[in-house]
There are 2 protein chains.
Amino acid sequence: MNNTHIELRHLRLLQAVAEAGGLTAAAERLHLTQSAVSHQLKSLEAALGLPLVERAARPAQLTAAGRRLLALAHAALPQVDAALRDLAKLKDGDAGELRIAVECHTCYDWLMPAMDSYRDVWPGVELDLLGGFQADPIALLLEQQADLVVTSDPTPRGGVTYAPLFGFEMLALLPPGHTLATKKWLLPRDFAEHTLITYPVPEDRLDLVRRVLAPAGVKPPRREAQLTVAILQLVASRRGLAALPAWAVAPYLERGYVVARPIGKHGLWAELHVAVRSADAGRAYLADFIDTVRRDSFARLPGLRPAIIQP
Amino acid sequence: MNNTHIELRHLRLLQAVAEAGGLTAAAERLHLTQSAVSHQLKSLEAALGLPLVERAARPAQLTAAGRRLLALAHAALPQVDAALRDLAKLKDGDAGELRIAVECHTCYDWLMPAMDSYRDVWPGVELDLLGGFQADPIALLLEQQADLVVTSDPTPRGGVTYAPLFGFEMLALLPPGHTLATKKWLLPRDFAEHTLITYPVPEDRLDLVRRVLAPAGVKPPRREAQLTVAILQLVASRRGLAALPAWAVAPYLERGYVVARPIGKHGLWAELHVAVRSADAGRAYLADFIDTVRRDSFARLPGLRPAIIQP
DNA sequence: AGTTCGATATGAGTATTGTTCATGTAAGCA
DNA sequence: TGCTTACATGAACAATACTCATATCGAACT
């Protein structure tokens, strides 16, 4: 009689809709089509005899029934994950070594908290963060100096397996009150007359230069700074413009310290991936680290979207 | 990577296997074939890369991995049920009236505790137990005197909807040391020379008489008693034989007060069903009462099996 | 108003996966 | 050693989840 055939899939769906704020965005996160999400939600609502999502509102609002089911999802899904983790430990053991190399300056912002959550559930894994900027971190991987690399360039290489983390937007930063702040988004020529403030990395590693300015033939003067705060300080004091990931500047935007604009009409989007040795790809503690980072990032960082590029 | 596609279905399966003590028994409870259960379990084990059930042992033993997943099931499934109940309340309201009529003397044994658990989750429903033995309780249902009837006879009647509760075995009771106790099971003629002690109901309501003794032309003398303990006392003091549901006599068997034997090689099995007015069948508080009773009974009563008879 | 754009809905077709049916195999018990 | 009970297996079938292509809807902007 009360044969409501609800499944974990439905809970994950509802959670994704709530977190992503819409069916379409949820579909991307779940690696499904928008149609699949719509159909699935509809059939669930039909089975329950109750609407779960207020379709009109944006971002999509859950109904009272939807919120009750979401509460169930929040209670149950972590338990499921924990159980699967325990099973993985039963299978492969709960110890391991995980030396992480990062090729991106701002990545520490989200990597450190993610590592903290990870440590809680895999206390047996020895976590290490390799210091210093690495020119070719993938080499470290193959030389067994590192076990996991965070990179923005998932070009296939022998013996290396990539997994996508997320896509994020690079925002152009202007001092408050700057003339360009009147525009909704910036074009390559808007950078021409300004100094570009960047981390100390080669030009071909800068997405803004490589994918936007260079193709347009714009070559602004550059000035380098080591730290994110230093870059922001230089922008705020009108020494030039910069481009940083949305998540890295969100706190400064809130305080009005600098102003951000998309680069190009659709924005400049970049992605992060992790690389591991293919031989290690099956290890549970490694796979779960990647899951943890991804989950943690989507929960913590603003303006993420799923990665699209296939290695 | 860690894409273990586990679903609530799997948890319910594992719980059924653990409770029923075997794949075949679990299949019956889930209203599936044994084959389906075997396939499903196998695919789950393959997905996890771990065996969950020790097939050799009887009753089927869970492995460490199986026990971990079972723990998850015990934690998660009640939360799911609670959520579905809340949704049902959102949909249909949380109040109602539920007057229960019972046509079986021993049913109070399990009905009262089940009503107690039910009261906890549906405090808004007014529960009433109609007293006295009813000749035709279905009539009460149609006259709006009762809202739910427990019966062993689900013959279709207009305006009445039946739902199966469970099947149970009627055991013949002998005093300890009785000659018949040497047999593994009793045959109709074994009853011929003994007084049959029963509740005060017409003969055609006694399964033993109707389905076993009458067809064999055996007509033993009868003696009636109102209470279960009285019947047991009479058997123990060698005034005759009786037949009662296995669950009703289990505590007395443990203490060796009486001895029980199956009736016929395969035992005499009876079933209980509930009847509600078809107009009410959709009401959430009613449907959930039936679920509660069924769950509660299987958890509490020994030797149950799913009902087979279709109304 | 009309147009455009982003988001959701829908219907038909396909793919996947769950279930049954009909057997086969292994282990426990007279 | 047969008999019985429980589980496994493979092929056929059924259910259902997903995608593709397209329609509809609503808000924002001329």
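What you see is a predicted model, and the numbers here were worked out from it, not measured in a lab. (Residues numbered from 1 in each chain as written. Chains lettered and ligands numbered in written order. Predicted model: local features only at pLDDT ≥ 70, side-chain atom pairs only at ≥ 80, totals over all residues. Heavy atoms only, no water.)

## Describing the overall build of chain A
Quick note on the threshold: To qualify as a helix, a DSSP run of H or I must reach at least 4 residues; to qualify as a strand, a run of E must reach at least 2; elements of each kind are numbered from the N terminus. Two things to know: the radius of gyration comes from C-alpha atoms, and the globule rule equals 2.2 Å times the number of residues to the power 0.38. Relative accessible area decides the class of each residue, using a 1.4 Å probe on protein chains only: under 20% of the type maximum gives buried, over 50% gives exposed, and in between gives partly exposed. Any two residues whose heavy atoms approach within 4.5 Å are treated as being in contact. Every accessible area reported is derived by Shrake-Rupley at a probe size of 1.4 Å, with residue values counting cover from the shown protein chains alone.
In terms of helices and strands, chain A carries 10 helices and 11 strands. Against the compact-globule benchmark of 19 Å for 311 residues, chain A has a radius of gyration of 22 Å, which places it among compact chains. By its C-alpha atoms, chain A is 70 × 50 × 30 Å across when sized along the principal axes. Looking at chain A residue by residue over its 311 residues, the buried ones come to 50%. Taking contacts inside chain A between residues at least 6 apart in sequence as the whole, the part at least 24 apart equals 74%. When the accessible surface of chain A is totalled, it reaches about 14400 Å², and 52% of it is carbon and sulfur.

## Some words on the state of the cysteines
Residue and element names in this part refer to chain A. Counted only if it meets this: What counts as a disulfide here is a pair of cysteine sulfur atoms lying within 2.5 Å.
Using the criterion set out here, one finds two disulfides over all chains in the structure. In this model Cys104 forms its disulfide with Cys107; the gap between the sulfur atoms is 2.1 Å. What sets the handedness of the Cys104 and Cys107 disulfide is the S-S torsion sign, and at about 105° it is right-handed. Here Cys104 matches Cys107 in class, with each residue buried.

## Here we look at the side chain of Asp207(B)
Residues and elements named next belong to chain B. Counted only if it meets this: Polar contact is defined as a pair of N or O atoms within 3.5 Å, subject to the rule that within protein one atom must be able to donate a hydrogen and the other to accept it, and that residues adjacent in sequence are counted only when both atoms are side-chain atoms.
Looking at the element boundaries, Asp207 is found in helix 7 (residues 207-213). At a separation of 2.8 Å, a polar atom in the side chain of Asp207 contacts the side chain of Arg210. With residues up to four places along the chain from it excluded, the contact list for Asp207 reads Val212, Leu268 and Ala270.

## Side note on the pattern of salt bridges
We apply this condition: Definition used for salt bridges: Asp or Glu carboxyl oxygen within 4 Å of a side-chain nitrogen of Lys or Arg.
Overall, the coordinates contain 41 salt bridges over all chains when judged by the stated rule. Arg55(B) is the salt-bridge partner of Glu45(B), the closest N and O atoms lying 2.8 Å from each other. Separated by 10 residues along the polypeptide, Glu45(B) in helix 3 (residues 34-48) and Arg55(B) in the loop between strand 1 (53-54) and strand 2 (61-62) bring together distant segments of the chain. Assessed through its relative accessible area of 11%, Glu45(B) is described here as buried. For Arg55(B), a relative accessible area of 39% gives the class partly exposed. The structure contains a network of salt bridges with shared partners spanning Glu97(A), Arg99(A), Asp147(A), Arg277(A), Asp280(A) and Arg283(A).

## A short note on the interface of chain B and chain A
How big an interface is tends to be stated in terms of accessible area lost as the parts join. Defined as follows: Accessible surface is computed with a 1.4 Å probe, and the buried area is the amount of it that two parts give up when combined, taken over both parts together.
Taken together, the contacts link 34 residues of chain B with 33 residues of chain A. Summed over both sides, the interface between chain B and chain A buries roughly 3000 Å², with carbon and sulfur atoms accounting for 70% of that surface. Remark: the boundary between chain B and chain A carries four salt bridges. Asp86(B) is paired through a salt bridge with Arg68(A); the nearest N and O atoms lie 2.7 Å apart. In this assembly, chain B and chain A are joined by six residue pairs in polar contact (both at pLDDT 80 or more). Elements with a contribution of two residues or more to the side of chain B that touches chain A: helix 1 (8-20), helix 4 (64-92), strand 6 (160-174) and helix 10 (284-300) of chain B.

## Some remarks on the domain arrangement of chain A
Selection rule: Those domain boundaries reflect an automatic or database domain assignment.
The domains assigned to chain A are domain 1 (8-88), domain 2 (94-167 + 270-300) and domain 3 (169-268). Here the C-alpha centroids of domain 1 of chain A and domain 3 of chain A sit 37 Å apart.

## Quick look at the UniProt feature "domain: HTH lysR-type" (unreviewed entry) in chain A
Put simply, the test is: UniProt positions are given in the numbering used here, feature names are shortened, and annotations may be inferred rather than shown by experiment.
Per the UniProt record, "domain: HTH lysR-type" (unreviewed entry) is annotated on residues 6-63 of chain A. The distance separating the terminal C-alpha atoms of residues 6-63 of chain A is 18 Å; by composition the span is 62% helix and 7% strand.

## A closer look at the protein's contact with DNA strand D
For the record, the criterion: Proximity is defined per residue: if any heavy atom of the residue lies within 4 Å of a molecule or strand, that residue is considered near it. Residues are grouped as follows: Ala, Val, Leu, Ile, Met, Phe, Trp, Tyr, Cys and Pro are nonpolar; Asp, Glu, Lys and Arg are charged; every other residue, Gly included, is polar.
As a structural note, the neighbourhood of DNA strand D is formed by 17 residues, with Thr33(A), Ser35(A), Thr24(B), Ser35(B) and Arg55(B) the closest of them. When the atoms of DNA strand D within 4 Å of the protein are sorted by group, sugar and phosphate make up 53%. Between a base nitrogen of DNA strand D and a side-chain N or O atom of Ser35(A), the distance comes to 2.6 Å. Gln40(A) has a polar side-chain atom sitting 3.1 Å from a phosphate oxygen of DNA strand D. For the surface near DNA strand D, the secondary structure elements donating two or more residues are helix 3 (34-48) of chain A together with helix 2 (23-29) and helix 3 of chain B. Top contributing element to the surface near DNA strand D by residue count: helix 3 of chain B, with five residues. When its residues are assigned to classes, the surface near DNA strand D shows three nonpolar, 10 polar and four charged.

## Details of the protein's contact with DNA strand C
The environment of DNA strand C is made up of 17 residues, and the closest members are Thr24(A), Arg55(A), Thr33(B), Ser35(B) and Gln40(B). At a separation of 2.5 Å, a phosphate oxygen of DNA strand C approaches a polar side-chain atom of Thr24(A). Ser38(A) places a side-chain nitrogen or oxygen 3.0 Å from a phosphate oxygen of DNA strand C. Only helix 2 (23-30) and helix 3 of chain A together with helix 3 of chain B provide two or more residues apiece to the surface near DNA strand C.

## Description of the nonpolar core
In plain terms, the rule: Working definition of a nonpolar core: buried Ala, Val, Leu, Ile, Met, Phe, Trp, Tyr and Cys residues. They are joined through side-chain atoms within 4.5 Å.
In this structure, Leu98(A), Trp110(A), Leu148(A), Phe166(A) and Phe289(A) are the most contacted members of the largest nonpolar core, which totals 72 residues. It is strand 6 (residues 160-174) of chain A that contributes the most residues to this core, nine residues altogether. Residues lining this core come from more than one domain, with at least three contributed by each of domain 2 (94-167 + 270-300) and domain 3 (169-268) of chain A. Contact partners of Trp110(A), with chain neighbours within four places excluded, come to Val150(A), Leu165(A), Phe166(A), Trp247(A), Leu272(A), Val293(A), Ser297(A) and Leu301(A). In terms of nonpolar packing, the next biggest core, distinct from the first, is built from 71 residues, Leu186(B), Ile197(B), Ala248(B) and Leu268(B) among them.

## Concerning the relation of the copies chain B and chain A
Our working rule: Superposition of the copies used a least-squares fit over C-alpha atoms from residues whose pLDDT is at least 70 in both.
Note on the identical chains: chain B maps onto chain A by a rotation of 180° and an axial translation of 0.0 Å, with an RMSD of 0.1 Å. Put plainly, the chains are arranged around a two-fold axis. Taken as a fraction of all interface residues of chain B, those also at the interface in chain A reach 97%, which identifies the copy contact as same-surface.

## Concerning the environment of Val121(B)
Residues and elements named next belong to chain B. Its place among the elements puts Val121 in helix 5 (residues 108-121). When the C-alpha atoms of Val121 and Asp86 are compared, they prove to be 9.3 Å apart, with 35 residues separating the residues in sequence. Setting aside residues no more than four positions away along its own chain, Val121 makes contact with Arg85, Lys89 and Asp288.

## Quick notes on the environment of Glu169(A)
All names here are of chain A. Along the chain, Glu169 falls in strand 6. The exposure class assigned to Glu169 is buried, which follows from its relative accessible area of 15%. For Glu169 and Ala243, which are 74 residues apart along the polypeptide, the C-alpha to C-alpha distance reads 9.7 Å. With residues up to four places along the chain from it excluded, the contact list for Glu169 reads Leu244, Pro245, Ala246, Pro262, Gly267, Leu268 and Trp269.

## Remarks on the packing of helix 2 of chain A against helix 3 of chain A
All names here are of chain A. Heads up, the rule is: Simply put, an axis is a line fit to the C-alpha atoms, just over the touching stretch for a helix, and the angle between two N-to-C directions goes from 0 to 180 degrees. Angle categories are assigned with fixed cut-offs, so that under 35 degrees is roughly parallel, over 145 is roughly antiparallel, 65 to 115 is roughly perpendicular, and the rest are oblique.
At a minimum axis separation of 8 Å, helix 2 and helix 3 run at an interaxial angle of 110°. Compared by their axis directions, helix 2 and helix 3 come out roughly perpendicular. Judged by residue contacts, Leu23, Thr24 and Ala27 of helix 2 engage Gln34, Val37, Ser38 and Leu41 from helix 3. Looking at side-chain class alone, the contact of helix 2 with helix 3 contains four nonpolar, three polar and no charged residues.

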